[in-house]
Structures are given as C-alpha cells and as structure tokens.
Amino acid sequence: MRILAISNQKGGVGKTTTCVNLAASLAATKRRVLLIDLDPQGNATTGSGIDKSAMKKTIYHVLIGKSTLKEVIRPSIKGKFDVAPANRDLAGAEVELVNEIARETRLKVALQELQGDYDYILIDCPPALSLITVNALTASHAVMIPMQCEYFALEGLSDLVNTIKKVRQHLNPDLEIEGLLRTMFDNRNMLAQQVAGELAQHFGDKVYRTVIPRNIRLAEAPSYGVPVLYHDRASKGAQAYLALAGEIINRQTRQRAAGTN
Ligand SMILES: Nc1ncnc2c1ncn2[C@@H]1O[C@H](COP(=O)(O)OP(=O)(O)OP(=O)(O)O)[C@@H](O)[C@H]1O
Ligand SMILES: [Mg+2]
C-alpha cells in the first residue's frame, strides 16, 4: 500500500484533476485505489460522480472521531476506485481540532483500519498549509506536487518544502517527495519551458517525465462527474494521466527492486 498526498498550497494548479484522473488511471491498470478528499470544496468528490451535499458522513466525521473511515467510503460512480468524500463540513475541522490531543495524526490513525485493502491511496489536499494538509502529510509515504510552470511557481514551492521538512522532523520522519508534476503545460509558451528547465535543475529526477498538457477535455470531465478516461479516452489529457500512472508504477517497482521501498 502506497499513500500519496497530492499537495500544493497554491490554488488551481491541478491537484484535484490529478487526484481524480490518476485514481482512475491506476484503477484501469487493476490497482485497488482509494481517493481521500481532504478539501472542503469537495471537488474530487463531485469529480468522481458523488453528490457531496447528499453525504451524511464524510471525512470530516472521521477526523473529529465521529466515524470510521470504512463507514464513509463509497465507490466512485464510474471509475473503479473508492472515495472517502468531503464537503463544506470539513471547513469546521480546523477549528474543532485546535485543542485536541494528537490532532495532526487523526488521518494516520484512521487509515490503520485499511491495512492491505488498497494498492494506492491518493489524498487531495486543500490549497493551504493548514492542519488538514498536515494530517495528509503525516499519514502519507510521499507527496506529489502538481505545479504550473509559471513565474512564481518556484517561490511558492519553498513554503511547501519547508512544511514537509517540519513534518519530517516532528511527525513523519520517512515522508518523501514522490515527485513534481508539470500540469496545464503549454509547449508554445517560452516561460513555461524556462520554468520547466529550472525545475529539472533544482529537483532532478524528482520531476516526472510525464507532462500534463492543457487540455479542454480535462476541464470538461468533472461536469459529467467522470474521470477524463470515461469522457474521452483518446484525448491528450486522458493519455497523459495513463502515462503518469505507468511512470508511478514503474518507479515503485524499481524502488522495490533496489530495496528502498
Ligand atoms: N491539464 C489541464 N488542462 C485544462 N484545464 C485544467 C487542467 N488541469 C486542471 N484544469 C482546470 O483548471 C482548474 C483548476 O484545476 P484543479 O481544480 O484540479 O486545481 P486544484 O489545484 O485542485 O485547485 P484548488 O487549489 O482550488 O483545490 C479546474 O477548472 C480544472 O478543470
Ligand atoms: Mg482542488
């Protein structure tokens, strides 16, 4: 079982799109996948075809100790993966947990119930370095960082990297950076190419070879409540997320062979 937090405190960089479509792509290769929506916006829940407002029990109830994870998990409508849904209730968790003991390890403890049930667990984080995000980082083996190749992208990255370092020091010593994913990429944009080059210099082979292009099908799919694979399988967006799933699986196989994982 490999648990990945998909995180970047910058908004709108493609975290949720990556979470839903990577979940569907890994599931299409017969992996057992759970998507945990950890954002009060609930976009990953909606994008998986689940009506977030109809949910009585969500990940919020898990974090505040009113429910087990298994009680809130349900199948995505079309996608062959499971979802732990979220909705606006989750916004209250930050405040409610402030004075609680072990507030940073709520998700980690809840996940213990799932030992061996899934091959991959993907956690969609909110655009903030909040207690909710710290819960995700504490519960994960590694972080995947989607980013747009724009001028300020690298600057924002240092805050995230610092948070990862702190979580390593205090809560989760084994937390790794799984990889940096270039999203919404436009090849004709010179600045994007330049930033992509700088990323490779800073982070070397942590940068995924797969690049997610800007693709209208990826933006449309959530309105149908399906991953892009079931909206337009031949689209560049669908093919890119299938390639990313392949790259992730290959990396893990190589790491296992090297005995580091
Ligand atoms: N590769 C892409 N091509 C075209 N549109 C995209 C692509 N990736 C994401 N989008 C669109 O960009 C917007 C932001 O994407 P998304 O919701 O995945 O980002 P996010 O990082 O999860 O945002 P937030 O920080 O608000 O949670 C959405 O409307 C989404 O449909
Ligand atoms: Mg999101």
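Residues numbered from 1 in each chain as written. Chains lettered and ligands numbered in written order. Predicted model: local features only at pLDDT ≥ 70, side-chain atom pairs only at ≥ 80, totals over all residues. Heavy atoms only, no water.

It is worth spelling out empty space enclosed by the protein at this point. Tallied over the entire structure, the rule returns 2 cavities of 30 Å³ or more. There is about 40 Å³ of room inside the largest cavity. Lining the largest cavity we find N8, K10, V13, M147, Q148, A153 and L157. Only β6 (142-148) and α8 (153-170) provide two or more residues apiece to the lining of the largest cavity. (1 Å grid on protein atoms, 1.4 Å probe; cavity = no way out; pocket = protein on both sides within 12 Å on 5 of 7 lines; lining within 4 Å. Points joined across faces, edges and corners; volume = space filled by probe spheres on them. Helix = DSSP H or I, 4+ residues; strand = E, 2+ residues; numbered from the N terminus.)

A word on a positive patch on the surface. Residues K30, K78, K80 and R233 make up a contiguous surface patch of positive charge. Position of K80 among the secondary structure elements: in the loop between β3 (74-75) and β4 (82-84). Look at K80 and you get exposed, because its relative accessible area is 64%. (Patch = residues over 30% accessible without salt bridge, like charges linked within 9 Å, V, L, I, M, F, W, Y side chains within 5 Å. Areas by Shrake-Rupley, 256 points an atom, 1.4 Å probe, with all protein chains shown as cover. Salt bridge = Lys/Arg side-chain N within 4 Å of Asp/Glu carboxyl O. Lys, Arg positive; Asp, Glu negative; His and termini not counted. Charge placed at Lys NZ, Arg CZ, Asp CG, Glu CD. Buried < 20%, exposed > 50% of the residue type's maximum accessible area, 1.4 Å probe, protein only.)

Here we take up the side chain of Q148. For Q148, the location among the structural elements is in strand β6. Accessibility expressed as a relative area gives 14% for Q148, which makes it buried. With sequence-adjacent residues up to four places away left out, Q148 is seen in contact with G12, V13, A153, T183, M184 and R214. (Contact = heavy atoms within 4.5 Å.)

Read these as spatial facts, not as claims about activity.
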